[in-house]
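Structural features, examined
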2 protein chains.
Amino acid sequence: MISRLIEKIQKTAPIVVGLDPQLKFIPEQLLKASYKEIGENPEGVADAIFKFNKGIVDAVYDIIPAVKPQIAMYEVFGIPGLIAFDKTVKYCREKGLVVIGDIKRGDIGSTSAAYAQGHIGSVEIGGKKFRGFEEDFATVNPYLGSDGVKPFIDICNAEDRGIFVLVKTSNPSSGELQDKMVDGAPIYEMMGRMVDEWGKESMDGAYSNVGAVVGATYPEQGKVLRKIMPHTFILVPGYGAQGGKGADLVHFFNEDGLGAIVNSSRGIIAAYTQDKYSKFGAENFADASRAAVLDMKEDILGAIGR
Amino acid sequence: MISRLIEKIQKTAPIVVGLDPQLKFIPEQLLKASYKEIGENPEGVADAIFKFNKGIVDAVYDIIPAVKPQIAMYEVFGIPGLIAFDKTVKYCREKGLVVIGDIKRGDIGSTSAAYAQGHIGSVEIGGKKFRGFEEDFATVNPYLGSDGVKPFIDICNAEDRGIFVLVKTSNPSSGELQDKMVDGAPIYEMMGRMVDEWGKESMDGAYSNVGAVVGATYPEQGKVLRKIMPHTFILVPGYGAQGGKGADLVHFFNEDGLGAIVNSSRGIIAAYTQDKYSKFGAENFADASRAAVLDMKEDILGAIGR
């Protein structure tokens, strides 16, 4: 699966649009229309979420390789929200996009296996295979050790899918645990070495289907991790709204110009609310998102000299 | 919320039934009936799951304080599975049980807030509050540090709910990260101290609404953590099928006979498949579950001398 993502990156850019439709980002006219048609309730919001996502995807699918829906932003609305997540994943796949489910699951063995089957694999019922959700990649939390990660890798190998394991997250308090020193090195380095090892079981060309998450907000750590994990693709959140810039991200990439994919969520999907793109207005939110993607593309490709 | 759980424990026992309905545990007659009525598909399985859970809950609700549905076992069947999760949570609450959603969520601030709202809190739409799912407690993964945990604590305080933060998990590889030494102490002790600190913000009587998860499979570590976190309720998975026994669990409890609640999943819900309870047969799976709960109660109460 990583080879498919790389192929799409080479035709476009190493960027991913985070489809994290918080209520406050959804343009008023979409909410009003859905409330009128369906009701001012979770079902109405879920309808508006899908229309919002569809508008953005239709405007940018030809210039990006992948999307990353954050499932929490759907799960918060219960079943109707998760139906919107499912529809979004399916729609993005129809448009040819690689879908990274930002689900950060991780549990003991049999339970992680269920998450892996449900999101990137399938279940067998009466000899027939069914998919729960239909992501291509999922993000995985490694707090439980190999037991919690290996069931995902098994699915990657069996069904040609991928994962990104949390190594150094973008948030301010990530260091409380991840920066602590163990045997003379910080935990994120230890996790990086574990991801590198796990990745050897799932190579797909020059890179592994087992990737890592390293926040744009920690460029120095990214530089170190790039060297520790030479065959690992890095998913880089934290660009834009969380403070990361293209120039900070150079060292997340390998010399082949590959090895990283940078996510922006609100910077793209809520571009219409920023001064820079305010001329578009809420009516043309999708055009604002396209303009923001083009600017991000220029920033990132400029920084890595592509 | 912890005071409500304690009140129910005092009337019954410090045990919780894990509603983790793997396909292989569901009695054949339930599956056949649901397949016939609905179809041999995820919707059919979800129907059987709910009937299986309902059978067990109806048989044991008067002798237990709480249930712990593991959401992965529902999520694996996609939307129909999650609808069965939602129905199970609601049904258990109707029967007066405390519901611990074993969801192991955790993310950066705004995203953790969405998970917290969706599972133990609520969202506001048009000035009206809606609940996504309706658990009383949720389990939380602390890999991202305080940023990822505090939004859950805010909801605990605002809406009188609770959480259990992963400290030392029951699985064999939990030590790969959790046992590593940081400043002369293992990480699970460091996390225990963090949980103790977080818990001070959310006291509810003698105990905090912020609890911890410590596996029954690690009794020595449980003994140490009990002392580090005197006001923290410990959710103890790993009893029974994973190898833990009542006598191993004495030190998870405080001298007041409280401070811990022990989970058993397949040991209860799939009791009918064990030699010990085989006389019940698959038809009477719920009676087998009740017998297994009574045996577990005797084992645990005997060990703690209540």
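I will try to describe carefully the structure that is included in this document.

Reading the values: rules and limits
Residues numbered from 1 in each chain as written. Chains lettered and ligands numbered in written order. Predicted model: local features only at pLDDT ≥ 70, side-chain atom pairs only at ≥ 80, totals over all residues. Buried ≥ 20, exposed ≤ 12 C-beta atoms within 10 Å, placed from the backbone. Helix = DSSP H or I, 4+ residues; strand = E, 2+ residues; numbered from the N terminus. Pairing = 2+ DSSP bridges. Axes fitted to C-alpha atoms, helices over the stretch in contact; angles between N-to-C directions. Parallel < 35°, antiparallel > 145°, perpendicular 65-115°, else oblique. Left-handed = near helix turned anticlockwise from the far one by under 90°. Contact = placed C-beta atoms within 7 Å. Nonpolar A, V, L, I, M, F, W, Y, C, P; charged D, E, K, R; others polar. Core = buried A, V, L, I, M, F, W, Y, C linked by C-beta atoms within 7 Å.

Moving on to the pairing of strand β3 (residues 98-105) of chain B. Residue and element names in this part refer to chain B. Among the eight residues in β3, eight count as buried, and that is most of the element. The sheet contact formed by strand β2 (residues 66-67) and β3 spans two bridges and is parallel. Opposite Ala-66, over in β3, you have Val-98 as the bridge partner. Taken together, the three bridges between β3 and strand β6 (residues 137-140) define a ladder with parallel strand orientation.

Turning our eyes to something else, we now look at unusual backbone geometry. Residues and elements named next belong to chain B. If you check the backbone angles, Lys-104 has positive phi at about 40 degrees while not being a glycine. As for its placement among the helices and strands, Lys-104 is situated in strand β3. Accessibility expressed as a C-beta count within 10 Å gives 29 for Lys-104, which makes it buried. Not every positive phi belongs to a glycine, and Asp-183 is a case in point at roughly 50 degrees. By the secondary structure assignment, Asp-183 is in the loop between β8 (181-182) and β9 (185-186).

Let us now look at the packing of helix α2 (residues 28-38) of chain A against helix α3 (residues 42-60) of chain A. Residues and elements named next belong to chain A. Contact geometry for α2 and α3: axes closest at 8 Å, N-to-C directions at 135 degrees. By the angle between their directions, the pair α2 and α3 is classed as oblique. Every pair of crossing elements has a handedness; the one defined by α2 and α3 is right-handed. When α2 is examined against α3, the residues Leu-30, Leu-31, Ser-34, Tyr-35 and Ile-38 are found in contact with a partner set consisting of Glu-43, Gly-44, Asp-47, Ala-48, Lys-51 and Phe-52. The residue makeup of the contact of α2 with α3, split by class, is six nonpolar, two polar and three charged.

Turning our eyes to something else, we now look at the interface of chain A and chain B. Facing the 51 residues of chain A at the interface are 51 residues of chain B. Mapped onto the side of chain A that touches chain B, the elements with two or more residues apiece are α3, α4 (72-75), α5 (78-94), α6 (109-119), β4 (123-125), α7 (146-159), α8 (175-178) and β8 (181-182) of chain A.

It is worth spelling out the nonpolar core at this point. Counting 212 residues, the largest nonpolar core has A:Val165, A:Val236, B:Val165 and B:Val236 as the members making the most contacts within it. If sequence neighbours within four positions are ignored, A:Val165 has contacts with A:Val140, A:Pro142, A:Val149, A:Val195, A:Val210, A:Ala212 and A:Val213.

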